[in-house]
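Below are the chains, spelled out letter by letter.
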Amino acid sequence: MKKRILFLLTTILTLNCYSQISFEKGYYINNANQKINCLIKNIDWKNNPTEFEYKLSENSESKKTTIKTIKEFGIDNISKYVRSTVNIDRSSKNINNLSNDKNPIFKEEELFLKVLVEGKANLYQYVDNNLKRYFYNKKNSNIEQLIFKSYKVTENNFGRNNRFRQQLFVDLKCPNFKKSKIGNVEYKKNSLVRFFTEYSKCHNNELINFEPEQKRDLFNLTIRPRINSSSLTIQNSVSNSRNTEFENKRGFGFGLEAEFILPFNKNKWAIAIEPTFQSFTSEKTTNVNNVSGGELIANVDYSSIEIPVSLRHYFFLNNNSKIFINASYIFDLSSNSTIEFSRNDGSNLNSLDIKTRQNLGFGVGYKQNDKYSLEVRYQTDREVLSEYSFWSSEYKTLSIIFGYSLF
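Quantities reported herein were computed from a predicted structural model and do not represent experimental measurements. (Residues numbered from 1 in each chain as written. Predicted model: local features only at pLDDT ≥ 70, side-chain atom pairs only at ≥ 80, totals over all residues. Heavy atoms only, no water.)

Student: In this structure, what is going on with the overall build of the chain? I would like to understand it.
Tutor: A tally of regular secondary structure across the chain gives 4 helices and 24 strands. Taken against the 2.2 N^0.38 rule, which gives 22 Å for 407 residues, the C-alpha radius of gyration of the chain at 30 Å runs more than 25% over that of a compact globule. Projected onto the principal axes, the alpha-carbon positions of the chain cover approximately 95 × 60 × 35 Å. Counting across all 407 residues of the chain, residues that qualify as buried make up 44%. (Helix = DSSP H or I, 4+ residues; strand = E, 2+ residues; numbered from the N terminus. Rg over C-alpha atoms; globule rule 2.2 N^0.38 Å. Buried < 20%, exposed > 50% of the residue type's maximum accessible area, 1.4 Å probe, protein only.)

What follows is the structure in structure tokens.
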């Protein structure tokens, strides 16, 4: 079974190499100030890029170029990046790494800055993992960072340098702007985009907003019934006669999945949490010599709420269909579940309480019209007798999961 799952994952990843290539109309300007129309591979960069891939025509070979040779590039009606040598403060906002200096520590760097608003004043963004910095300029002036910095005042007190508001107040004046308006601007993309947009409109200046408000489907709630094929093997290191292998049983489960689409890389990544009810009941009779009646009857009655926390990646086939793979870390909450041993006359020998540990899951699926889905999920071995020193177990499950998204 593991080999089959590995084969499926390999097949999907191979398909990804083909389906992920998406070149869109754009341009670049080289160091000789030549503007070249081309097709640019749009990967919806989370971090500001230092290079990009392009093709001169639909059928030509793709090429890669870097910040050293490109002054500007853009994807039509989607995004624009400009190269600039700027002073940037990379001070950490992590509480454990805050400095005692409220002033920014600048370092000169050559960066591709993402244009957010282009008008009477321009707004730019730079992202590098958890670091976010915003820059601005007016007309042909130099691009400067809007200054914001968290710093340590005492061991348990922290301050914020909000100098960016003073920069906005001094450099971006408008008769309609009250002082309170500047005070309400936050060092966040949406707040700054709104302010720069209003500034250009105040001066009746044409503007281009590269960050229009878009209604993105960033949350999905899906009901997910399933067919499970499960088996359980238990072993006792002291008495081999208690070793029992419960055969595969088919059962049903039901889950409710909350999926959160991550807003970068063209909505290809998601995190999902899926509380799921599952159960497994089985009986196994074994002939033994050390039990009265010569038979040992083992009964398992196991039900639980599984909570898989999954990282999911989508591979878009077209506008209406996509394939996905996910890896899950599964928490399991069992209740009143036991494995009981008895003689053939029905008298009880002993009982084991089921207490489980976490395990992993791997799935491959298909989704149509963001509404209907089908997934095959394999779970690694789960220990269900975690509280017993001389017992070990392997609970295995393969599921076929059907999905219907409510929204």
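Student: Looking at this model, I keep getting lost on helix 2 (residues 163-171). Mind explaining?
Tutor: Because each turn of an α-helix spans 3.6 residues, side chains separated by three or four positions in sequence point in the same direction. Turning to helix 2, its buried residues are F164, Q167 and L168. Angularly, the buried residues of helix 2 cover 95 degrees about the axis, an arc narrow enough to put them on a single face. (Arc of directions from axis to C-beta.)

Student: Help me understand the confidence of the model for the chain in this model?
Tutor: Regions with low pLDDT carry predicted coordinates that are not meant to be interpreted in detail. Residue-level pLDDT values for the chain average 89, and 93% of them are 70 or greater. The least confident element of the chain is helix 1 (residues 2-19), whose mean pLDDT is 48; the most confident is strand 10 (residues 144-146), at 97. Scored below 50 in pLDDT, residues 11-21 shows 18 contacts in the model against residues more than four places distant or in partner chains. (pLDDT = per-residue confidence, 0-100. Contact = heavy atoms within 4.5 Å.)

Student: Could you clarify how one ought to interpret the nonpolar core in this entry?
Tutor: Judged by nonpolar contacts, the single largest core of 21 residues is most densely connected at L123, L146, L168 and F196. Within the residue set of this core, elements represented by two or more residues are strand 7 (106-118), strand 8 (121-128), strand 9 (131-138), helix 2 and helix 4 (189-202). In terms of residues, this core owes the most to one element, helix 4, which gives 5 residues. Dropping the residues within four chain positions of it, L123 is found in contact with K114, V115, L116, V117, Y134, F135, L146, L192, V193 and F196. Within the second largest apolar cluster, 18 residues are counted, among which are I234, A298, L352 and V384. (Core = buried A, V, L, I, M, F, W, Y, C linked by side-chain atoms within 4.5 Å.)

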